[in-house]
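Each chain, letter by letter, is given below.
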Amino acid sequence: MLKGSEQRVSLKRKQGPLYQQIQKILKDRILHGVYPLGSIIPSEPQLEKEFGVSKMTVRGAVQELSQEGYVQKKSGVGTIVLRNTSHQKLSKGKRFTELLVEEGHKLEKKVLNSRLLTNDTGTEEYGRYRPYCQRIERLYILNGQPYIHLIHFLAAAALPGGGMEEMNGDIQSLYDSLEENDILLENFKDRFFVELAAPEVCQLLKIPPGTHVLKRLRNSFDGEGRLIEHSIGCYNTELHHYLVSYDT
């Protein structure tokens, strides 16, 4: 999903109430600048058409956003975006994308693929993730141009049924989805370096072969010190530099 107004979004009832699914999608668009601060989100009829749901379902989603302080309905105007930063505990971990949005950029996400992997006993993957892990590949698009290529590996501890089931691969926010499953990330460890991008990454980021990119390896841990997520990110810093903000 790149632009909600361009195509119909498919919802699945087994993933929870439809209004909550829509609320998550709309909030994610707000947090990533698709609906900028002060802008008016699509009208109820437009959202009904996009998601294929009733007026009451759309109103329930917008009401949830309003109660969280993200939007406000104004008679004769529409529903206006009031806030575009997360207030959750994980906001520091997501601060990079929030800084981009605060600068006025639009950051959209595209899920390239998602699948459940089985790890053989004695392998490095088994030691890191246990018997199962889920691999999710995504592409972040900054102002219409490919910017970040990300591969996430979710450990068995992060998955439904201890790894026997997959998390929804078309998730809007990985960290929000983990939190909804009562998995709270308490610690992030990042490692940065510069290297030649792999040919497939160059193709996805639309950069010339042999281009150097900024590479970030992240390990995310819960309060018990268990590895929950390992991610590999390649950033086209020619498009935009990497931002870090330290809270005092």
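Coordinates for the structure precede this section.
Structural notes, computed from the coordinates.

About the thresholds
Residues numbered from 1 in each chain as written. Predicted model: local features only at pLDDT ≥ 70, side-chain atom pairs only at ≥ 80, totals over all residues. Heavy atoms only, no water. Helix = DSSP H or I, 4+ residues; strand = E, 2+ residues; numbered from the N terminus. Rg over C-alpha atoms; globule rule 2.2 N^0.38 Å. Contact = heavy atoms within 4.5 Å. Areas by Shrake-Rupley, 256 points an atom, 1.4 Å probe, with all protein chains shown as cover. Lys, Arg positive; Asp, Glu negative; His and termini not counted. Charge placed at Lys NZ, Arg CZ, Asp CG, Glu CD. Expected span 1.5 Å × (residues − 1). Buried < 20%, exposed > 50% of the residue type's maximum accessible area, 1.4 Å probe, protein only. Salt bridge = Lys/Arg side-chain N within 4 Å of Asp/Glu carboxyl O. Axes fitted to C-alpha atoms, helices over the stretch in contact; angles between N-to-C directions. Parallel < 35°, antiparallel > 145°, perpendicular 65-115°, else oblique. Left-handed = near helix turned anticlockwise from the far one by under 90°.

Some words on the overall build of the protein
Counting its regular elements, the protein contains seven helices and eight strands. By the compact-globule yardstick of 18 Å for 248 residues, the protein fits well, its C-alpha radius of gyration being 19 Å. Of the contacts made within the protein by residues no fewer than 6 positions apart, 59% connect residues no fewer than 24 positions apart. Within the structure as shown, the protein displays about 13000 Å² of accessible surface, and the carbon and sulfur contribution to it stands at 48%. Counting 33 positive and 31 negative side-chain charges, the protein places the averaged centre of each group 4 Å from the other.

Details of helix α3 (residues 55-67)
Taking 1.5 Å of rise per residue, 13 residues should cover 18 Å, and α3 covers 18 Å from first to last C-alpha, within 8% of that figure. Turning to α3, its buried residues number three or more, namely Thr 57, Val 58, Gly 60, Ala 61, Val 62 and Leu 65. Elements in contact with the buried residues of α3: α1 (18-31), α2 (44-51), β1 (71-74) and β2 (78-81). Gly 69, located one to two residues past α3, shows a positive phi value of around 90°.

Some points on the pattern of salt bridges
By the definition in use, this model includes eleven salt bridges. Between Glu 124 and Arg 128 there is a salt bridge; the shortest N-O distance is 3.7 Å. Of the two residues, Glu 124 and Arg 128 both sit in helix α5 (residues 124-129), four residues apart, roughly one turn of that helix. Between Arg 226 and Asp 222 there is a salt bridge, with the nearest N and O atoms lying 2.7 Å from each other. Taken together, the shared-partner salt bridges connect Glu 44, Arg 59 and Lys 73 into one network.

Considering the packing of α1 against α2
To characterise two packed helices, one gives the angle between the axes of the helices and the distance between these axes. Closest axis-to-axis distance for the α1/α2 pair is 12 Å, and the angle between their directions is 115°. It follows that α1 is roughly perpendicular to α2 by the angle criterion. The two elements α1 and α2 meet at a crossing, and its hand is right-handed. Contact residues: Ile 22, Ile 25, Leu 26 and Arg 29 in α1; Leu 47, Glu 50 and Phe 51 in α2.

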